[in-house]
Structures are given as structure tokens and as C-alpha cells.
Amino acid sequence: MNTKNYLSKLSKINRPYIIYKSQKGFNLYTNFSEKVILTKKNIVNFLNKKNLKKKKLKKTDLYIGFFGYEILNNLIGVKVPKQKSNNFPKGIFYKPDTLIKLSENLKYRSEYQLKKNKKFDININKATYTKIFNNFKKKIKKGETYQIKICTKYKNQSKIDPLDYFCRLSKTNLAPEAFMIKDKNFSVISCSPENLIIKKGSSISTKPIAGTLRKKKNIDKSKALKFFRKNVKETKEHNMIVDMERSDLSKICKPGTVKLVKEKTVEEYKDLYHYVSLISGKLRKNIKNIEIIKAMMPGGSVIGCPKISTLNLLNNQEKENRNIYTGSFGYIKFNGDMKFNIIIRSILNFKGVSEISVASGVVIDSNPNHEFNENFIKAKSLIDLFK
């Protein structure tokens, strides 16, 4: 297939589609026969759908989409106080009738002459961030949390060609959980590096990321690994998250089957290095989809720990809705197998506004200046698309 011509045609048709990174390239899903907009009232019924127990599958026998942060809190009984909101949907899943395989080299040139807005406003400046940081550090000393992630948002007024942004992003910062959604009134572009759930049959795994180092000319992967291993703060943060994810898996897995498969490796991206581990387990018999989602989401590595008390602290502190950020994107097949990431390193464009949310972790050894600057490093590859 001529990818360039196909993507050009696709961009001109006002038809929703999704592109998701696969092992050998990308999967493009379109011609949706069903669209489920999730609410507090219908999410349980959606996750308990009878067709999610089918044995013989076509490649399009799945629902693909996202859970937003707020609806995942609702699902596990954590309250989110009234916050500033743009009324973006809490979650959407689509049933595709068409799946097209694309190569990793996405070729597309935008025909739209859209003026780029390079200027972004941040919702929390350094002074406000430091005040929140110091408040959370007091909570850590009191034992109310051990690690907590402060979210900041970069926003601007902009009309974008999401396919152009995604194709450029895939060339400069290809990530294993990259995806994009183009619908009639919104788009999402993401270079998420973090897998939260891969479930096949009774096997399940998760790949927590905790630890970030800015790339420099004199630092390669081996030096980054040495840095992480010697850095007390990064090691503490990583160990806490790994322990929490093991605990989350243990809620749904057979005793003794949860194993640390890969411990503390380094992954390289455009502007940074990440500290990563891989954990796997065997699910207990008759575990339901909803039990897996409730045990694993929201992903702990982007929240902090312990999860529930930390969610409550965050929700009472934050004045603006997170929307998709730290929710999860992925699919559930009709046989119950699923794959979900954590929605980070993403642009949500809705109502003419692009927003990029990022967060960095506060532990007892953290420094507010370092963490505030780390947030910008995480957002940089996305902000660069607007230049």
C-alpha cells in the first residue's frame, strides 16, 4: 500500500480513525460501527459486555479507546471534587470494522496551511509549584504519602493537523505506546512510552517507568544507568513504584506468580532517558475485566504511592481537570485479552485549545527546581512540534 497517498486521502475525509503503534509498524483502525461515550452510569456495563467473552475472533473484534483520569477514580470509589473543566468526555471506546497495517515509516505531508502558535501558557508557575511541592513534602513527613506527582499543564490556542503532528512525532520520538485519535471535534497525539497492561489469556504484565534523566552529548545509555543506580532519589522513587505495581498485580494474580522479569533497565528517547522495570503474573481463575481495570488503573507510576491516599491528596489540590492525562488508552478484545498504556506525553486538542500535561515525582529527597524543570523536559518533544 502507498502509505503517503492513503494517509493524504484519510486526512481529507471527515471520518474518525485511530493509529496505534504495533510491533512492526502501526495499526490504523477506522469505519467505526459503534462509539461508546463512557459515563459513571455506563462504565460498569461496558466492561461487563457479553461480547467481551467471545472465543473466535476477527482482527477487528475489539473496542479501542481511552479511559480518562476522572472516570477511573470514579470506578475505584475515589472522589474528584468539582474542578475547572472544558467538558471533554470522560472516556470513549470505538468498535472498528476496518484494520489497516502501516509501516513504521509514516509518510504524510499536510496540505493545510495552519498558522502555528509557538507560545504556551503554563497553569502553575515555579513559585506556585514550589508552594505545592513544600506542602506535599509535609504530607510525606507526616506519612500521608511516600511519593506524589505534581501535574502541570502547557496550553495554547491552536488549530492543528493531528496526522501531520503524529507523523513528525513518530520520526523524532517514536515510543512503544504511541497513538493518535482523530474524531470530528477533537484529536489526541501521544508518544507515551509506558505500558500498563498486556493481558493474553491468563498471563498479565506491566512495565512501570520511574526515573528521568535529561539527555546530554556526553551521556549515553550506560552512563544513564550508572546515574540512576547511584542516585538515591531516583532509586527510591523507582523501588516504591515497582513495589506498588507488584501489589496491584497481586490483587488479581495467583499467589506466588508475580515476578520481577526485568529490573531497572534504561530506555532512550528524544530528550531523555527513563528507568524501567517489567513485572508479570498469572491471573486467578475467573477474574473479570472490570477487576483488572480497577486493580491496575490509574497507573501508579504517574500518581504516587500509596495509591488511594495519594489520589485523594492530588484531587483535593488540583484545581483543573486532568482530562485524558494519566488515564489509559488501548483495547479490549472480545475474548477478554487487552492492552493498555498510560496516557502521558500527549497533546489533547479540543475546542481550539491544545493542552500538554506532565508530572514529576516528589519524594523526601526531591528538589522543587529539579522537578519543575523535569516537567518541561517531558513536555519538550511535544512543544517542539509547534515550532
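The shown structure was predicted, so the numbers you read here are calculated from the model rather than taken from an experiment.

Undergrad: I keep staring at the overall build of the protein chain and nothing clicks. Help me out?
TA: Summing up its helical and strand segments, the protein chain has 10 helices and 18 strands in all. The C-alpha radius of gyration computed for the protein chain amounts to 20 Å, which stays within 12% of the reference 21 Å derived for 387 residues, consistent with globular compactness. Projecting the C-alpha coordinates of the protein chain onto the three principal axes gives extents of approximately 55 × 55 × 45 Å. Taking as baseline every contact in the protein chain between residues at least 6 positions apart, the subset at least 24 positions apart corresponds to 78%. For the protein chain, the exposed area adds up to about 17,600 Å²; of that, 50% sits on carbon and sulfur atoms. Each charge class in the protein chain was averaged separately, 80 positive and 32 negative side chains, and the resulting centres sit 3 Å apart.

Undergrad: In this structure, what is going on with helix 7 (residues 232-250)? I would like to understand it.
TA: Helical geometry note: an α-helix holds 3.6 residues per turn, so side chains three or four residues apart project in the same direction. A rise of 1.5 Å per residue sets the reference length of helix 7, with its 19 residues, at 27 Å; its end C-alpha atoms lie 27 Å apart and thus fit the reference within 8%. Inspection of helix 7 places K233, E234, T235, E237, H238, I241, V242, M244, E245, D248 and L249 among the buried residues, and these make up the whole buried set. N-cap assignment for helix 7: the residue whose side-chain oxygen lies 3.1 Å from the backbone N of K233 is N231.

Undergrad: Explain the nonpolar core to me, please; I cannot follow it from the model alone.
TA: Across soluble globular proteins, you tend to see nonpolar side chains buried next to one another. If you look at the biggest cluster of nonpolar residues, it comprises 54 residues, and the most contacted ones within it are L47, F67, I197, I252, I292, I293 and F340. Excluding residues that lie within four positions of it along the chain, I292 makes contacts with I197, K199, I204, I252, L283, I287 and M338. Judged by nonpolar contacts, the second largest core, of 34 residues, contains Y108, I189, I347 and V358.

Undergrad: Sorry, what's going on with the pairing of strand 13 (residues 272-282) here?
TA: Here is the key point about a regular strand: its side chains alternate between the two faces of the sheet. Counted residue by residue, strand 13 has eight buried out of 11 residues, so it is predominantly covered. In the sheet, strand 10 (residues 203-206) pairs with strand 13 via four bridges, with the strands oriented antiparallel. Residue pairing in the sheet places I204 in a bridge with G281 of strand 13. Where strand 11 (residues 209-214) and strand 13 come together, four bridges link them in antiparallel fashion. Bridge pairing in strand 13 links I209 to V276. Taken together, the seven bridges between strand 12 (residues 259-268) and strand 13 define a ladder with antiparallel strand orientation. Considered in strand 13, the bridge of K262 is made with L278. The hairpin turn running from strand 12 into strand 13, its antiparallel successor, is three residues long.

Undergrad: I keep staring at the side chain of S357 and nothing clicks. Help me out?
TA: Within the fold, S357 resides in strand 18 (residues 353-362). Excluding residues within four positions of it along the chain, S357 makes contact with C151, T152, K153, Y325 and S346.

Undergrad: Is there a simple way to explain the packing of aromatic side chains in this structure?
TA: Counted under the stated rule, the structure contains 21 aromatic pairs. A centroid spacing of 5.1 Å and a plane angle of 40° characterise the contact between F46 and F93, whose relative ring orientation is tilted. Taken as a pair, F46 in helix 2 (residues 43-47) and F93 in strand 4 (residues 91-103) lie far apart in primary sequence, 47 residues in all. F46 gets classed as buried once you look at its relative accessible area, which sits at 3%. Measuring from centroid to centroid gives 5.5 Å for F67 and F340, while their planes differ by 40°, and the two rings are tilted. With F67 in strand 3 (residues 62-67) and F340 in strand 16 (residues 338-341), this pair connects stretches of sequence that are 273 residues apart.

Undergrad: Is there a simple way to explain the packing of helix 4 (residues 126-141) against helix 10 (residues 368-383) in this structure?
TA: The relative placement of two packed helices comes down to the angle between their axes together with the axis-to-axis distance. Direction vectors running N to C along helix 4 and helix 10 enclose 120°, while the axes themselves pass 10 Å from each other. With respect to helix 10, the element helix 4 is oriented oblique. Crossing of helix 4 against helix 10: the hand is right-handed. From helix 4, K126, Y129, T130 and F133 reach across to helix 10, where they touch P368, N369, E371, F372, N373 and N375. Grouping the constituent residues of the contact of helix 4 with helix 10 by class yields four nonpolar, four polar and two charged.

Undergrad: Would you take a moment to explain unusual backbone geometry for this structure?
TA: For residues other than glycine, phi is negative in most cases, and the peptide bonds are mostly trans. Here the residue pair M297 and P298 is connected by a cis peptide bond, since its omega of -10° sits within 30 degrees of zero. Within the secondary structure, P298 is located in the loop between helix 8 (289-296) and strand 14 (304-305). Cis rather than trans, the peptide bond between C305 and P306 has omega equal to -5°. Here P306 lies in the loop between strand 14 and helix 9 (307-317). Within the chain, K264 stands out as a residue other than glycine whose phi angle is a positive 55°. With respect to the helices, strands and loops of the structure, K264 is situated in strand 12. A relative accessible area of 18% places K264 in the buried class.

Undergrad: So what exactly am I meant to see when it comes to the state of the cysteines here?
TA: Scanning the entire structure with this criterion turns up zero disulfides. Unpaired in terms of disulfides, C191 finds its nearest cysteine sulfur in C167, a separation of 14 Å. Looking at the unpaired C305, the closest cysteine sulfur is the one in C151, lying at 18 Å. C305 gets classed as buried once you look at its relative accessible area, which sits at 6%.

Undergrad: Where do I start with the pattern of salt bridges in this structure?
TA: It is possible for side chains bearing opposite charge to pair when their charged atoms get close. Summed over all chains, the structure comprises 27 salt bridges. Between D183 and K35 there is a salt bridge, with its nearest N and O atoms 2.9 Å apart. Note that D183 is positioned in the loop between strand 7 (179-182) and strand 8 (186-190) and K35 in strand 2 (residues 25-37), a separation of 148 residues in sequence. The partner of K153 in a salt bridge is E320, and the shortest N-O contact between them spans 3.6 Å.

About the criteria used
Residues numbered from 1 in each chain as written. Predicted model: local features only at pLDDT ≥ 70, side-chain atom pairs only at ≥ 80, totals over all residues. Heavy atoms only, no water. Helix = DSSP H or I, 4+ residues; strand = E, 2+ residues; numbered from the N terminus. Rg over C-alpha atoms; globule rule 2.2 N^0.38 Å. Contact = heavy atoms within 4.5 Å. Areas by Shrake-Rupley, 256 points an atom, 1.4 Å probe, with all protein chains shown as cover. Lys, Arg positive; Asp, Glu negative; His and termini not counted. Charge placed at Lys NZ, Arg CZ, Asp CG, Glu CD. Expected span 1.5 Å × (residues − 1). Buried < 20%, exposed > 50% of the residue type's maximum accessible area, 1.4 Å probe, protein only. Polar contact = N/O pair within 3.5 Å; in protein donor to acceptor, adjacent residues only side chain to side chain. Core = buried A, V, L, I, M, F, W, Y, C linked by side-chain atoms within 4.5 Å. Pairing = 2+ DSSP bridges. Phe/Tyr/Trp six-rings, centres within 6.5 Å; stacked < 30°, edge-to-face > 60°. Axes fitted to C-alpha atoms, helices over the stretch in contact; angles between N-to-C directions. Parallel < 35°, antiparallel > 145°, perpendicular 65-115°, else oblique. Left-handed = near helix turned anticlockwise from the far one by under 90°. Nonpolar A, V, L, I, M, F, W, Y, C, P; charged D, E, K, R; others polar. Disulfide = S-S within 2.5 Å. Salt bridge = Lys/Arg side-chain N within 4 Å of Asp/Glu carboxyl O.

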